[in-house]
Amino acid sequence: MNKLQKPNPSIDLVTFDLDNTLWDVMQTITAAEKLLRGWMAEHTPAALGIYASERVGDIREQVLKTHDDKRHDLSFLRIAVLRQCMLAADMSPADADENAKQAFAVFFAGRNDVAFYPNAITTLETLSQQYALYALTNGNADVERVGIGRFFSGAVSSADVGASKPDQQMFTTVLAKAGVSADRAVHIGDHLSDDVFGANRAGMRSIWFNYEGQATNDTDHKPTAQAYALAELPAVLASLDAARTR
Ligand SMILES: [Mg+2]
């Protein structure tokens with residue numbers, strides 16, 4: 001490290017994990033699955049019988065085997081599984097395609113109707129006035145559809161990159177897209193390996209969104225700082241930002 005380099009460089013970019021950082025993913029997906037099954041019960045009941053049975057495990061495995069190159073594209077995989085369920089219910093390929101697309105659209109609307117954590121919107125609003133924000137997610141939520149696109153300068157997902165956090169490609173891709181060096185970027189996320197370890201290894205600082213108040217002595221996954229609630233983030237980021245602590 002250059003002797004003249006500040007230990008806490010200014011922050012030009014904040015990257016955000018989405019699932020379990022801005023909203024409760026389990027609650028969101030459970031509600032989306034319910035919508036999907038409701039649609040299938042009405043429109044494709046035979047395919048629902050297969051989707052809701054143990055057979056779906058084999059179908060999923062087969063889809064993953066056939067589309068190994070798409071294993072990071074959750075939307076693609078879900079449509080492919082739905083299509084196979086439609087085909088297994090004796091639908092023609094054309095009908096299976098069409099119904100899988102429609103069923104997925106119902107799921108995806110629910111997937112993006114997220115169960116926000118307290119203060120998510122006001123925190124994003126505050127932070128977006130101070131920093132460039134990028135979404136960096138292993139999931140398939142769409143910040144525009146979720147209704148928070150106006151706070152973000154961009155988004156990078158596993159489906160875009162063909163890899164998932166903590167893979168370094170995720171972090172190098174978002175840094176390149178934002179045109180910011182690693183030492184001037186901070187990543188925020190709930191997962192000690194995917195988010196904290198991944199960001200640290202990429203040379204970024206990390207904030208662990210520790211919403212469950214967990215204890216950890218894991219030295220390999222040591223965050224630069226922690227936040228226990230989203231509303232704490234502006235102050236936590238300010239404490240890491242040389243431009244604001246001078
Ligand atoms: Mg997460």
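It should be emphasised that the depicted structure is a prediction, and the values quoted were computed from it without experimental measurement. (Residues numbered from 1 in each chain as written. Predicted model: local features only at pLDDT ≥ 70, side-chain atom pairs only at ≥ 80, totals over all residues. Heavy atoms only, no water.)

(A) The arrangement of the sheet that holds strand β2 (residues 132-137) in detail. As summarised here, the arrangement of the six strands in space is β3-β2-β1-β4-β5-β6, forming an open sheet in which the pairing is parallel. In this open sheet, the two strands that pair with only one neighbour each are β3 (154-157) and β6 (225-227). Averaged over all adjacent pairs, the angle separating strand axes in this sheet is 25°, with direction ignored. Bridging between β2 and β3 involves four bridges; their strand directions are parallel. Directly across from Y134, in β3, lies its bridge partner G154. Set on the sheet, helix α9 (residues 168-178) makes contact with β1 (13-16), β2, β3 and β4 (185-189); between it and β2 the angle comes to about 155°. (Pairing = 2+ DSSP bridges. Helix = DSSP H or I, 4+ residues; strand = E, 2+ residues; numbered from the N terminus. Axes fitted to C-alpha atoms, helices over the stretch in contact; angles between N-to-C directions. Contact = heavy atoms within 4.5 Å.)

(B) Representation of the layout of surface pockets in the model. Empty space within the largest pocket amounts to approximately 450 Å³. At the level of secondary structure, the elements contributing two or more residues to the lining of the largest pocket comprise α1 (25-43), α3 (55-66), α4 (74-88), α5 (93-111) and α10 (192-201). Of all the elements, α4 adds the most residues to the lining of the largest pocket, at five residues. Counted by class, the lining of the largest pocket contains 10 nonpolar, six polar and nine charged residues. Counting the residues that make up the lining of the largest pocket, at least three belong to each of domain 1 (13-24 + 114-245) and domain 2 (27-111). When its volume is computed, the second largest pocket comes out at roughly 210 Å³. Lining the second largest pocket are 18 residues, and of these G139, N140, A141, D142 and S157 sit closest to its centre. Tallying contributions element by element places β3 first for the lining of the second largest pocket, with three residues. (1 Å grid on protein atoms, 1.4 Å probe; cavity = no way out; pocket = protein on both sides within 12 Å on 5 of 7 lines; lining within 4 Å. Points joined across faces, edges and corners; volume = space filled by probe spheres on them. Nonpolar A, V, L, I, M, F, W, Y, C, P; charged D, E, K, R; others polar. Domains from an automatic or database assignment.)

(C) Fine view of the confidence of the model for the protein. On average, residues of the protein score 94 in pLDDT, and 96% of them are at 70 or above. Contacts of residues 1-6 to residues separated by more than four positions or lying in other chains number three contacts, the stretch itself having pLDDT below 50. (pLDDT = per-residue confidence, 0-100.)

(D) Focus on unusual backbone geometry. Cis geometry marks the peptide bond from K165 to P166, where omega comes out at 10°. Positive phi values are uncommon outside glycine, yet N119 reaches one of about 65°. On the secondary structure map, N119 appears in the loop between α5 and α6 (120-128).

(E) Local environment of the domain arrangement of the protein. Split into domains, the protein comes out as domain 1 (13-24 + 114-245) and domain 2 (27-111). Summarising the inter-unit geometry, the C-alpha centres of domain 1 and domain 2 are found 30 Å apart. Tallying the contact residues gives 16 residues for domain 1 and 10 residues for domain 2. It is D24, N140 and R145 that lose the most area in domain 1 upon contact with domain 2, and together they represent 47% of the buried surface on that side. Counting the contacts that link domain 1 with domain 2 gives one salt bridge. Between D19 and R111 there is a salt bridge, with the nearest N and O atoms lying 2.8 Å from each other. The interface formed by domain 1 and domain 2 includes eight residue pairs in polar contact (both at pLDDT 80 or more). Looking at the side of domain 1 that touches domain 2 residue by residue, the class counts come to six nonpolar, six polar and four charged. (Buried area = accessible area lost by both parts, 1.4 Å probe. Salt bridge = Lys/Arg side-chain N within 4 Å of Asp/Glu carboxyl O. Polar contact = N/O pair within 3.5 Å; in protein donor to acceptor, adjacent residues only side chain to side chain.)

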